[in-house]
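The residues making up each chain are set out below.
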Amino acid sequence: MKLHLEKPWLEFSAERVARLPGQMGVFQLADDAGRVVYIGFAGGKSLFGLRSELEKRLGSAPQFRYEVNNQYQTRWRELLMLHVGAHGAVPEMNGHEAVPKLGRLG
Amino acid sequence: MDLELSDEQKLIVDTVRKFVRNEIVPLEADLDPDGSELDPADHDRLVAQVKQMGFYGLDIPVAYGGPDVDIVTRTLMAIEMAQHRAGLYTPCYGVFGGAGLAQLFEANEDQKQRYLYPTLRGEKHGFFGLTEPSGGSDPARAIKTSAVKDGDDWVINGGKIFISGADKADYGIVFARTDSSKGREGITCFLVDADAPGFHVRRVVHTLRSTSYATELQFDNLRVSAANVLGEVNRGFGIANDQLSRQRIPYAAGCIGVAVKAQEMAISYANQRETFGDILASRQAIQWMIVDNEIDIRTSTWLTVAAAHKANRNESFRTEAAMAKLVASEAGGRVVDRAMQIHGGYGMTKDLPLERWYREIRIRRVGEGPSEVQRLIMARDLLGGSFH
């Protein structure tokens, strides 16, 4: 598993999301320039895993990518910490939600 | 040995049990199954409640403002506090408070002012840095991280792995080799500030414990003042070792708590689930699993409480603590495994806490010294040898 999520961005459309697995994992949303605007996870309470978590956010960004991962809690924190390390703050849309206290890497 | 609880202990156990069942368990229904944090408002409310009960800061010595709870009662409480989904590693989500790092109580007054008291006030957080990539079971010999005297400072180079909380900590207790010609007599314990140049958290280490991660640390010419040597130079291993035996008792108790809850769930399910026209409890295969669970739980409990009694009497309890840790961690794993088997498909889901306990309790056979090292400790005591 790579430290950063480096998969290619996918078009964030209802058709794409409908084909997603129902598994647990993490995902990122990005603007047209590929700037990450949100990092989320699909956990044990997500009805259809990644699919339902991304469905909830359709229309909020043009691109997304995901990683199936049973360690979704720690992976989510890791991605947030990497983002804070690179940009000084959590992604814009995460700023509107409760974010756990994050550690620092580097 | 009389393992009967006193009236006061019965009252305390009952109080903690009700607290867990009435306050903690209902909150977990809305949390992520792998969650490890309460909503801050709930956390603060429950901390206030625990303070009212007089149990806050359970592991803080009385001299430092902690409640006067002996280690036997503390062990009984730990068994109760673990009886919920996050209970094995985050008993009651930390609302009973913590003492921070027990080694700090051995610090000198200047160090206490800078590290211990701010920690007790919740202003600072520390980490414990012992294990290295070269090994964790034999830290005295495996420690490669070096500290070299340079004027009034020590310069530390090396790294640590499987360190919890270092990425969020303000400081840490770091063990480094200060005399390469000696084994455990060449280790010194340092108080290291996490914002010092040369201190790096290199990566997150993901484990079976998906709710929380460990970290890997690197020290590049990290300068530490001689005033930050904890204890004496080359006497650091004793500081680590003294606490390791003591910590094994509540560590064992946590495993028992989870096993007790898993058994309770298994019995309840076996009494209501029907197969082939009768309840599961009527099947001998299930009955034997339930009985084997009970034997595992009672054996673990007796050994763990007996170890606590010896510690409470200030007698040597190294063998007893090692035995309790070994038996409780292995037996706890078996109990959870059987409970999952009894629950069938549901036992594998995140609808129930069993799958989380199954993953987390596996770590317990390795954490705080693997089963094999516990056997080595007991063998040394029993055989009286100084073998390696």
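Residues numbered from 1 in each chain as written. Chains lettered and ligands numbered in written order. Predicted model: local features only at pLDDT ≥ 70, side-chain atom pairs only at ≥ 80, totals over all residues.

### Notes on the overall build of chain B
Each helix and strand counted, chain B has 10 helices and 10 strands in total. Radius of gyration (C-alpha) of chain B: 22 Å, near the 21 Å computed for a compact globule of 388 residues. The dimensions of chain B, computed from C-alpha atoms along their principal axes, are 80 × 50 × 40 Å. Put simply, chain B has 388 residues, and 44% of those count as buried. Counting contacts in chain B only where the partners sit at least 6 residues apart, residues at least 24 apart contribute 71% of the total. (Helix = DSSP H or I, 4+ residues; strand = E, 2+ residues; numbered from the N terminus. Rg over C-alpha atoms; globule rule 2.2 N^0.38 Å. Buried ≥ 20, exposed ≤ 12 C-beta atoms within 10 Å, placed from the backbone. Contact = placed C-beta atoms within 7 Å.)

### Comments concerning the domain arrangement of chain B
Residues and elements named next belong to chain B. Structurally, chain B comprises domain 1 (7-102), domain 2 (126-230) and domain 3 (238-383). Each of domain 1 and domain 2 has a C-alpha centre, and these two points are 30 Å apart. Facing 6 residues of domain 1, the contacting portion of domain 2 comprises 7 residues. Classifying every residue of the side of domain 1 that touches domain 2 by side-chain character gives 2 nonpolar, 3 polar and 1 charged. (Domains from an automatic or database assignment. Nonpolar A, V, L, I, M, F, W, Y, C, P; charged D, E, K, R; others polar.)

### Re the pairing of strand S2 (residues 146-150) of chain B
Residues and elements named next belong to chain B. Pairing analysis gives 5 bridges linking S2 to strand S3 (residues 153-164), with the strands arranged antiparallel. Bridged to Ala147 within S3 is Ile156. Between the end of S2 and the start of S3, which pair antiparallel, lie 2 residues, with Gly151 showing a positive phi angle near 65°. (Pairing = 2+ DSSP bridges.)

### Re the nonpolar core
Residue and element names in this part refer to chain B. Within the largest apolar cluster, 64 residues are counted, with the highest numbers of intra-cluster contacts made by Ile249, Ile256, Val258, Ala259, Ala262, Ala324 and Val336. Of all the secondary structure elements, the ones that give two or more residues to this core are helix H1 (7-28), helix H2 (40-53), helix H3 (71-81), helix H6 (236-270), helix H7 (284-312), helix H8 (318-343) and helix H9 (354-364). Once residues lying within four places of it in the same chain are set aside, the contact partners of Ala259 are Asp296, Ile297, Ser300, Ala331, Gly332, Val335 and Val336. Judged by nonpolar contacts, the second largest core, of 41 residues, contains Leu116, Phe190, Leu191 and Tyr213. (Core = buried A, V, L, I, M, F, W, Y, C linked by C-beta atoms within 7 Å.)

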